[in-house]
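Here is how the chains run, residue by residue.
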Amino acid sequence: MLPEKLVTSLDNGHWEFPEQLSVKNSGFVYVIFDTVLKRGYIGKKTFKSSSGVVSNWRSYVSSSKLLAEVLKERPRGEFRFIVLEQYKTKGTLSYAETWSLCQVEAPTTLKWYNTRIEAVSWSVKEPITDRHKERLNMLKAEVL
């Protein structure tokens, strides 16, 4: 089951998360959930560029061309933008995204918009949080 939709006064843009997202962290792992087709997309977004400039994270949608086309054609209200977790380090952020994609076997099923997992290397300095696991499992149950 999907996490309950949050109604909040936090300054997180369109992202659903139970607390304020913080640019003191490296970034966050998210799921864009298509409530009509029951398909998801897992991605990550950094809060700052490599030069330290704050990104467009509050309004960011996705780097997926396929999902961008789908979002152009359909009402935004048919999608939920859910943050699974934010992470302090870039290495853990990349690992958490890849871990999530592997957990749901995203590239091997049509239930996910993701078609590949990028080849990356990282230095992991923190574990995948229990909250991240719980939120992904809720979404996984809805998509599968």
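Whatever comes next refers back to the structure up there.
In this text, all values refer to a predicted model and were calculated from it rather than measured experimentally. (Residues numbered from 1 in each chain as written. Predicted model: local features only at pLDDT ≥ 70, side-chain atom pairs only at ≥ 80, totals over all residues. Heavy atoms only, no water.)

(A) Here's a closer look at the overall build of the protein chain. When helices and strands are tallied, the protein chain shows three helices and three strands. Each helix and strand of the protein chain, placed in order from N terminus to C terminus, yields the pattern β-β-α-β-α-α. Computed over C-alpha atoms, the radius of gyration of the protein chain comes to 14 Å, within 12% of the 15 Å expected from 2.2 N^0.38 for 144 residues, which places it in the range of a compact globule. For the protein chain, the spread of C-alpha atoms along the three principal axes comes to 35 × 35 × 30 Å. Every one of the 144 residues in the protein chain was classed for burial, and the buried ones make up 44%. Within the protein chain, contacts between residues at least 6 apart in sequence are counted, and of these 71% link residues at least 24 apart. Just so you have it, the protein chain exposes about 7900 Å², and 52% of that area is on carbon and sulfur atoms. (Helix = DSSP H or I, 4+ residues; strand = E, 2+ residues; numbered from the N terminus. Rg over C-alpha atoms; globule rule 2.2 N^0.38 Å. Buried < 20%, exposed > 50% of the residue type's maximum accessible area, 1.4 Å probe, protein only. Contact = heavy atoms within 4.5 Å. Areas by Shrake-Rupley, 256 points an atom, 1.4 Å probe, with all protein chains shown as cover.)

(B) Layout of the side chain of Glu16. Along the chain, the position of Glu16 falls in the segment before β1 (27–34). Side-chain polar atoms of Glu16 contact the side chain of Arg80, separated by 2.5 Å. (Polar contact = N/O pair within 3.5 Å; in protein donor to acceptor, adjacent residues only side chain to side chain.)

(C) View of the packing of aromatic side chains. Inspection of the entire model under this criterion finds nine aromatic pairs. Judged by centre distance (5.1 Å) and plane angle (65 degrees), the ring pair of Trp15 and Phe28 falls under edge-to-face. Of the two residues, Trp15 is situated in the segment before β1 and Phe28 in strand β1; the sequence distance between them amounts to 13 residues. Relative accessible area serves as the criterion here: at 4%, Trp15 is assigned to the buried category. Taking 4.9 Å as the distance between ring centres and 50 degrees as the angle between the ring planes, the aromatic pair formed by Trp15 and Tyr30 counts as tilted. Placement of Trp15 in the segment before β1 and of Tyr30 in strand β1 is noted, with a sequence separation of 15 residues between them. Through successive ring pairs, a cluster of aromatic residues spans Trp15, Phe28, Tyr30, Tyr41, Phe47, Trp57, Tyr60 and Phe81. (Phe/Tyr/Trp six-rings, centres within 6.5 Å; stacked < 30°, edge-to-face > 60°.)

(D) Here's a closer look at the sheet that holds strand β3 (residues 79–87). Strand order in the open sheet made by the three strands is β2-β1-β3, with antiparallel pairing throughout. Taken across any chain shown, the strands that pair with only one partner, and hence form the sheet edges, are β2 (39–46) and β3. The mean inter-strand angle of the sheet, taken between neighbouring strand axes irrespective of direction, is 20 degrees. The sheet contact formed by β1 and β3 spans eight bridges and is antiparallel. Note on β3: the bridge partner recorded for Gly27 is Tyr87. (Pairing = 2+ DSSP bridges. Axes fitted to C-alpha atoms, helices over the stretch in contact; angles between N-to-C directions.)

(E) A look at the side chain of Glu85. When you line up the elements, Glu85 lands in strand β3. A relative accessible area of 5% means that Glu85 is categorised as buried. For Glu85, the side chain forms a polar contact with the side chain of Arg131, separated by 2.9 Å. Leaving out residues up to four positions away in the same chain, Glu85 has contacts with Phe17, Gly27, Phe28, Val29, Thr129, Arg131 and His132.

(F) How the structure looks around the pattern of salt bridges. Following the criterion strictly, the structure yields eight salt bridges and no others. The partner of Arg80 in a salt bridge is Glu16, with the nearest N and O atoms 2.5 Å apart. Separated by 64 residues along the polypeptide, Arg80 in strand β3 and Glu16 in the segment before β1 bring together distant segments of the chain. Accessibility classification places Arg80 together with Glu16 in one group, the buried group. A salt bridge links Arg74 to Asp34; the shortest N-O distance between them is 2.7 Å. (Salt bridge = Lys/Arg side-chain N within 4 Å of Asp/Glu carboxyl O.)

Interpretation in functional terms is not warranted from these geometric data alone.
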